[in-house]
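Residues per chain, in single letters:
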Amino acid sequence: MENISLYGTLYYEKSIFKGSYRGMNFWIQKEGEKENPVLRATAWKGPFNFDTTKEEKISKDFPFSDEGIMLADQWLTEQQGILIP
């Protein structure tokens, strides 16, 4: 996503990254078991937040790694083009 820098895996150990990109809201968070964590990216059409939107939310899991962060970034960029044509 242009002009949005995602953090490394240490950030996601304790925090959720929330943001918006060209009309799409998203968040990225750590999920899963301690031994087998994943990075889950969730996206939905704005402008409302996660709890109040009536828009469909879509999620995808990625490896909990630097490569997974890059894949999540690419996936979110693709979703922006689908959710906000």
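Residues numbered from 1 in each chain as written. Predicted model: local features only at pLDDT ≥ 70, side-chain atom pairs only at ≥ 80, totals over all residues. Heavy atoms only, no water.

Caption draft 1: Structural detail: the packing of aromatic side chains. In the structure shown here, the tally under the stated rule is nine aromatic pairs. Ring centres of Y7 and Y11 lie 4.2 Å apart, and the angle between their planes is 25 degrees; this geometry places the pair in the stacked category. On the numbers, 4.3 Å between centres and 20 degrees between planes, the contact of W27 with F50 is stacked. Taken together, the residues W27 in strand 2 (residues 24-32) and F50 in the loop between strand 3 (37-45) and strand 4 (58-63) connect sequence positions 23 residues apart. When its relative accessible area of 14% is taken as the criterion, W27 is described as buried. F50 sits in the partly exposed class, given a relative accessible area of 24%. Against the face of F64 rests K30, its NZ or CZ located 5.3 Å from the ring centre. One cation-aromatic arrangement involves K57 over F50; the distance from NZ or CZ to the ring centre is 4.3 Å. (Phe/Tyr/Trp six-rings, centres within 6.5 Å; stacked < 30°, edge-to-face > 60°. Helix = DSSP H or I, 4+ residues; strand = E, 2+ residues; numbered from the N terminus. Buried < 20%, exposed > 50% of the residue type's maximum accessible area, 1.4 Å probe, protein only. Lys NZ or Arg CZ within 6 Å of the ring centre and 35° of its normal.)

Caption draft 2: Highlighting unusual backbone geometry. A cis amide bond links G46 with the next residue in sequence, P47, at an omega value of 15 degrees. The residue P47 is located in the loop between strand 3 and strand 4 in this model. Despite not being glycine, R22 shows a phi value in the positive range, around 50 degrees.

Caption draft 3: Layout of the environment of N49. Considering the arrangement of structural elements, one finds N49 in the loop between strand 3 and strand 4. Aside from chain neighbours lying at most four places away, what touches N49 is N25 and W44. In terms of polar contacts, N49 uses its side chain to reach the backbone amide nitrogen of D51, at 3.1 Å. (Contact = heavy atoms within 4.5 Å. Polar contact = N/O pair within 3.5 Å; in protein donor to acceptor, adjacent residues only side chain to side chain.)

Caption draft 4: The nonpolar core, seen in detail. Grouped together as the largest cluster of nonpolar side chains are 18 residues, with contacts concentrated most on Y12, M24, F26, I28, L39 and L76. No other element matches the five residues that helix 2 (residues 66-83) contributes to this core. Among residues more than four places away in sequence, those in contact with L76 are M1, M24, F26, I28, A41, T42 and A43. (Core = buried A, V, L, I, M, F, W, Y, C linked by side-chain atoms within 4.5 Å.)

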